[in-house]
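Coordinates in review
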Amino acid sequence: MNPEKIHEVCPVCGSSELYLEAGGYTGKIYHCKNCDYIGALIIEADEEMARAIKEDYEHQKRESFIDS
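**Focus: the side chain of Ser15**
Take Ser15: it is sitting in the loop between strand 1 (7-9) and strand 2 (18-22). Taking the relative accessible area as the measure of exposure, Ser15 reaches 9% and is therefore buried. Within the local environment of Ser15, its side chain forms a polar contact with the backbone nitrogen of Glu17, the two atoms lying 2.9 Å apart. The residues contacting Ser15, other than those within four sequence positions of it, are Glu8, Val9, Cys10, Cys32, Asn34 and Lys54.

**Things to note about the sheet that holds strand 3 (residues 29-32)**
The strand order across the open sheet formed by three strands is 2-3-4, and the pairing between neighbours is antiparallel. Looking at the sheet topology across the chains shown, the edges are occupied by strand 2 and strand 4 (38-39). Pairing of strand 2 with strand 3 involves four bridges; the strand directions are antiparallel. Of the residues in strand 3, the one forming a bridge with Leu20 is Tyr30.

**A few points about the nonpolar core**
Core analysis: the largest hydrophobic core is formed by eight residues, namely Cys10, Cys13, Leu18, Tyr30, Cys32, Tyr37, Ile42 and Tyr57. Among residues more than four places away in sequence, those in contact with Leu18 are Glu8, Val9, Cys10, His31, Cys32 and Ile42.

Definitions and cut-offs
- Residues numbered from 1 in each chain as written.
- Predicted model: local features only at pLDDT ≥ 70, side-chain atom pairs only at ≥ 80, totals over all residues.
- Heavy atoms only, no water.
- Helix = DSSP H or I, 4+ residues; strand = E, 2+ residues; numbered from the N terminus.
- Buried < 20%, exposed > 50% of the residue type's maximum accessible area, 1.4 Å probe, protein only.
- Polar contact = N/O pair within 3.5 Å; in protein donor to acceptor, adjacent residues only side chain to side chain.
- Contact = heavy atoms within 4.5 Å.
- Pairing = 2+ DSSP bridges.
- Core = buried A, V, L, I, M, F, W, Y, C linked by side-chain atoms within 4.5 Å.

Below you can see the structure in the form of structure tokens.
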């Protein structure tokens, strides 16, 4: 991974549309604008890894839509 191309992305959908929900002494909690994930875990990813996470998320979303 190229250190200059690293972004913080959502671990669920790979979006970089994250904002800080809460923070302080207990740590940071992030909220994803794309999938509504809320949690402390975020991924530092390059474009290739973020794209793989996004593709997996979209695939799972399509499968769950077909199953319902």
